[in-house]
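# Observations on the three-dimensional arrangement
Each chain is listed here by its residues.
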Amino acid sequence: MRPYALLALAGAALASAALAGGAPPPKSELQRRADRLIESTALPGIVTLLEQDGRRTVVAAGLGDVARRRAMRPDDRFWVGSITKAFVATVVMQLVAEGRLGLDETVEQVLPGRIREGRRIRLRHLLNHTSGIPEYMGLEPWASAVAGNPRVVIPARRLVSSAARLPLDFEPGSRASYSNTNYLVLAEILERATGRPIARLLRARIFGPLGLSATGFVKGRRAVGGNRVRGCDVSGLRPVDVSLHRLGGPWADGALVSNARDLAVFVGALLRGKLVPPHLVALMTTPTKVPVSHGEAMGLYKLPSPCGRWYYGHAGGTPGYVVWAAGSRDASRIVVLAVNGVSQPGLQA
């Protein structure tokens, strides 16, 4: 989500550092580093997963619930924010592979009458954030409603409508600009094309086949219990629990709950071509060559690491949580990082 873009980039830096080494560190060393991070920063807790050549190591440090002093656990669940978009893009590509959608079809063709400039926008523009559709977070009713009540839930269709009637910010395909609205529109297209809700599509096409038992699509108001960690704003003197803040109620742009293991399984399966054909994975990992691009591809991002390797994945930022999931192109290396505190200095540390 856009308010946490800089924090997501900090997560990317952490992920790139984790991928940079030759061999994965032993569990004891990874645990020591995680413990040191928590001891030296205001971040409440962290879960770190590293996988190389099928060997997976996951550790946790700090607190998953500050108020109750509950320790963070490796299998804890957390809100993954915009990583949801990678899942939605995967379903789009599955329908493309089945011939039910086309990347060069226009929005007007597949969702008639919904977007004012729909004849100019192709599905590929939605996937890689080059559509020009305005970001709903800068519009009403989102701006005033969230400012007045951070737990407010606004129907996704209303958020799309707030942007649908406006002129485009730029000519589709001419530049890149991150807009959560793109993925709300994609979900509406998926639901129209299949006749099934997006939550059911994700379960049937990704969660179920991969055995992602800790992953769920949770729209509307948040509930935190069981093995879900509580997220905090730690920018002040004391941590403030913001677990129930919803940024208006994310839908296909950020409504997933998951854990480190499930995210690693998803990233690995996607990059290995087990969810969509390899030629479409190639499109998902090839960044668009337009001005102001930051590595946007079709549902994933391509970003460098300090050792010269490229990795592919997505970051997610939502109130109280920053999550990163990425892997090398052949999925021989995978990293997942999740923290339940929003603090720029802490993430940089």
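The structure under discussion appears in the preceding block.
Residues numbered from 1 in each chain as written. Predicted model: local features only at pLDDT ≥ 70, side-chain atom pairs only at ≥ 80, totals over all residues. Heavy atoms only, no water.

Right, let's talk about the overall build of the protein for a bit. When its secondary structure is counted, the protein shows 12 helices and 13 strands. Reported as C-alpha extents along the three principal axes, the dimensions of the protein are approximately 55 × 45 × 35 Å. Every one of the 349 residues in the protein was classed for burial, and the buried ones make up 60%. Accessible area of the protein: about 13,700 Å², with a carbon and sulfur share of 52%. Charge-centre separation for the protein: the mean point of 45 positive side chains lies 3 Å from the mean point of 25 negative side chains. (Helix = DSSP H or I, 4+ residues; strand = E, 2+ residues; numbered from the N terminus. Buried < 20%, exposed > 50% of the residue type's maximum accessible area, 1.4 Å probe, protein only. Areas by Shrake-Rupley, 256 points an atom, 1.4 Å probe, with all protein chains shown as cover. Lys, Arg positive; Asp, Glu negative; His and termini not counted. Charge placed at Lys NZ, Arg CZ, Asp CG, Glu CD.)

Only one face of strand 9 (residues 301-304) is buried: it carries Y301 and L303, and the other face, with K302 and P304, is open. Note that strand 9 and strand 10 (residues 310-318) share 4 bridges and pair antiparallel. Note on strand 10: the bridge partner recorded for Y301 is G313. (Pairing = 2+ DSSP bridges.)

Moving on, we get to unusual backbone geometry. A cis amide bond links E140 with the next residue in sequence, P141, at an omega value of 15 degrees. Residue position: P141 is located in the loop between helix 5 (123-127) and helix 6 (142-148). A positive phi is found at H129, a non-glycine position, where the angle reads about 60 degrees. In this structure, H129 sits in the loop between helix 5 and helix 6. Of note, A331 is a non-glycine position whose phi angle comes to about 65 degrees, a positive value. When you line up the elements, A331 lands in the loop between strand 11 (321-328) and strand 12 (333-339).

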